[in-house]
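If you want the building blocks of each chain, they are given just below.
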Amino acid sequence: MLSRVAEAIYWTARYVERAENLARFADVTLHMTLDLPLEVQQQWEPLVHATGDQDYFKEHYAYASAETVMQFLVFDKEYPNSIISSLRAARENARSVREAIPSEMWEQLNSFYHLVRDANQNFSSIDSPSEFLRSIKESSHLFNGIADATMSHDVGWNFANLGRVLERADKTSRLLDVKYFILLPKVTDVGTPIEDLQWADVLRSVSGFQSYRRHYHGITVERIIEFLVLDRNFPRAINYCITNADESLHAISGTPLGMFQNPAERILGQLRSELAYNHVESIVETGLHEFIDSLQLRLNQVGEAVHDTFFALRPVDHPTPPQSQSQIQS
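As a starting point, this report considers the structure included with it. All values reported here derive from a predicted model rather than from experimental measurement.

### Thoughts on the packing of aromatic side chains
So, step 1. Here the structure, examined in full by the defined rule, presents 15 aromatic pairs.
So, step 2. Ring plane angle 90 degrees and centroid distance 5.3 Å describe the contact between Tyr 10 and Trp 11, whose orientation is recorded as edge-to-face.
So, step 3. When the centroid spacing of 5.5 Å and the interplanar angle of 85 degrees are considered together, the rings of Phe 159 and Phe 310 count as edge-to-face. Placement of the pair is Phe 159 in helix H8 (residues 155-183) and Phe 310 in helix H15 (residues 288-311), with a sequence separation of 151 residues.
So, step 4. Looking at Phe 310, the relative accessible area reads 19%, which means it is buried.
So, step 5. One aromatic cluster in this structure is built from Tyr 10, Trp 11, Tyr 15, Phe 159, Phe 310 and Phe 311.

Set out below in structure tokens:
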């Protein structure tokens, strides 16, 4: 597969996943403000921090409210990570490789983009914001379902899956980090029903509340960290996403699992091993914020390594012999 085609497919899937996650976070925050009528403004500011682009927000908006944050996340065409900007970028990437993807994928993505573009471009004019955000999530689900059902699960599909799960892991980690350090600013709220309600909303933002309750009886910080970081079966848990990404990366390169022959496989393999053998007590002892900072740094390194290995224009290097994970550690 041409590197240009692979890169476009990778970023199409990644941008669609980004749009869906923003819609998830915004929708849950809307419902949270209904349950917690006091200090509503404080419920929206953490959502800005979850994007990592609070400096941009402060430059363009006076304060964090439902109207300003939703405008920022959904309709701001100048903000490159908003939902409308992400879908525009996904659509342009898909347009450039229409011959390499099923027509049903292109048609769904095109409809998805027009759904958001044709909205009134102003949050305050939307009759039902929650229904609008739900339609964004459902459009993303439909796009991913069509991709899984119509693409041959070869190199192209694996690039799409790689972009999708790397983006998902990043957004789950950001949500967890922001909740732990910003969403609950008052020590007096710790251990109260307010804290339980907010943690339940975090689980709902990743559609994980019911799955969590099937495994755990009560809501505690440690159990939520274990579920969202280390669970091997929940599709939005970080460990699941990293494992899935590692498998797609090896399927692309043909390197046997547990071995590596490029920087992306090395970094992702190390991260997968650490998550597989980690436990929640160690994460809490080290510090969740420090753990997630390190995780996000490695995720960024994986993204850069994927670009350098598969997408960057450069002379073809002679491949090095595959190395095992034990060779990495030694």
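### Quick notes on the packing of helix H6 (residues 103-117) against helix H7 (residues 129-150)
So, step 1. As a packed pair, H6 and H7 sit with axes 9 Å apart at the nearest point and diverge in direction by 170 degrees. Taken together, H6 and H7 sit at an angle that is classed as roughly antiparallel. Listed contacts from H7 to Glu 104, Met 105, Gln 108, Leu 109, Phe 112, Leu 115 and Val 116 of H6 are Phe 132, Ser 135, Ile 136, Ser 139, Ser 140, Leu 142, Phe 143, Ile 146, Ala 147 and Thr 150.
So, step 2. Of the residues that constitute the contact of H6 with H7, the class distribution is eleven nonpolar, five polar and one charged.

### Thoughts on the side chain of Asn 244
So, step 1. Along the chain, Asn 244 falls in helix H12 (residues 238-253).
So, step 2. Looking at Asn 244, its side chain comes within polar contact range of the side chain of Asn 161, at 2.7 Å.
So, step 3. Other than its neighbours up to four places away in sequence, Asn 244 contacts Asn 161 and Val 165.

Conventions and cut-offs
- Residues numbered from 1 in each chain as written.
- Predicted model: local features only at pLDDT ≥ 70, side-chain atom pairs only at ≥ 80, totals over all residues.
- Heavy atoms only, no water.
- Phe/Tyr/Trp six-rings, centres within 6.5 Å; stacked < 30°, edge-to-face > 60°.
- Helix = DSSP H or I, 4+ residues; strand = E, 2+ residues; numbered from the N terminus.
- Buried < 20%, exposed > 50% of the residue type's maximum accessible area, 1.4 Å probe, protein only.
- Axes fitted to C-alpha atoms, helices over the stretch in contact; angles between N-to-C directions.
- Parallel < 35°, antiparallel > 145°, perpendicular 65-115°, else oblique.
- Contact = heavy atoms within 4.5 Å.
- Nonpolar A, V, L, I, M, F, W, Y, C, P; charged D, E, K, R; others polar.
- Polar contact = N/O pair within 3.5 Å; in protein donor to acceptor, adjacent residues only side chain to side chain.

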